[in-house]
Amino acid sequence: MKYLTWIVKCITNLTKWISFIMLIILVPLVTFFSISRSFGVPVLGDIELVQFSMVVLIMGSLAYTEATNSHISIGLLVDKFPAKVQIVLDFIAQFCTIVFAFIVCWAFTTKINLTQMSDMLNISFVPFKIFLVICFIAWALEALLKFIGIVTNYRTAEKSE
């Protein structure tokens, strides 16, 4: 289990740092693109570059937000349920996250088109799709670690009663 946790944390840290670096690059780029556009000298392909950067930024942060439990959640109803019901709902939510992430990975790997390019700059989509698959696998693995933790907590709660 420690080995699995270590591997997942390494993948999550890799995607997190790629996302952070992309954010650092994206801020001055968008500023430059906005200023140049306001002076009437737009940069050719600026929208495509920002779109690709946003894909890297968002997908790279999925596993990190799962690991830090930073996803948006609404606990208004769930917090009023008994502890066992909350555990069951967490169990179902993590299971659905794992299934969803692996379905996305499967869809992207089976439907990958190696010749697909962007319209303006002819940037290949392949590296971005591969990165997307890696990020969704990392998200699924982080959810799996939480899933295992929920099952362990449920078993401990059962034994204590």
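Residues numbered from 1 in each chain as written. Predicted model: local features only at pLDDT ≥ 70, side-chain atom pairs only at ≥ 80, totals over all residues. Heavy atoms only, no water.

### With respect to the environment of Y3
- Looking at the element boundaries, Y3 is found in helix α1 (residues 2-38).
- Overall, Y3 belongs to the exposed group, its relative accessible area being 60%. (Helix = DSSP H or I, 4+ residues; strand = E, 2+ residues; numbered from the N terminus. Buried < 20%, exposed > 50% of the residue type's maximum accessible area, 1.4 Å probe, protein only.)

### Things to note about the packing of α1 against helix α2 (residues 46-67)
- Running from amino to carboxyl end, α1 crosses α2 at an angle of 150 degrees, the nearest separation of the two axes being 7 Å. With respect to their mutual orientation, α1 and α2 come out roughly antiparallel. Judged by the twist between their axes, the crossing of α1 over α2 is left-handed.
- A per-class count over the contact of α1 with α2 returns 16 nonpolar, 6 polar and 4 charged. (Axes fitted to C-alpha atoms, helices over the stretch in contact; angles between N-to-C directions. Parallel < 35°, antiparallel > 145°, perpendicular 65-115°, else oblique. Left-handed = near helix turned anticlockwise from the far one by under 90°. Nonpolar A, V, L, I, M, F, W, Y, C, P; charged D, E, K, R; others polar.)

### Notes on the packing of aromatic side chains
- According to the stated counting rule, one finds 11 aromatic pairs in the structure shown.
- With a centroid separation of 4.4 Å and an interplanar angle of 20 degrees, the aromatic rings of F52 and F128 are classed as stacked. Taken as a pair, F52 in helix α2 and F128 in helix α4 (residues 126-160) lie far apart in primary sequence, 76 residues in all.
- Taking relative accessible area as the criterion, F52 reaches 13% and is therefore assigned buried.
- A relative accessible area of 22% places F128 in the partly exposed class.
- Taking the centre distance of 6.1 Å and the plane angle of 80 degrees together, the rings of F100 and W139 count as edge-to-face. Of the two residues, F100 is situated in helix α3 (residues 83-110) and W139 in helix α4; the sequence distance between them amounts to 39 residues.
- The exposure class of W139 is buried, given its relative accessible area of 12%.
- One aromatic cluster is present, built from ring pairs that chain together W17, F20 and Y64. (Phe/Tyr/Trp six-rings, centres within 6.5 Å; stacked < 30°, edge-to-face > 60°.)

### Considerations on the confidence of the model for the protein chain
- Looking at the protein chain, the pLDDT average stands at 90 and 98% of residues meet or exceed 70.
- The secondary-structure element of the protein chain with the lowest mean pLDDT is α4, recorded at 88, while α1 shows the highest, at 95. (pLDDT = per-residue confidence, 0-100.)

### A short note on the environment of C10
- One can find C10 in helix α1.
- Here C10 falls in the partly exposed class, since its relative accessible area comes to 34%.
- As a C-alpha pair, C10 and A138 span 128 residues in sequence and 9.4 Å in three-dimensional space.

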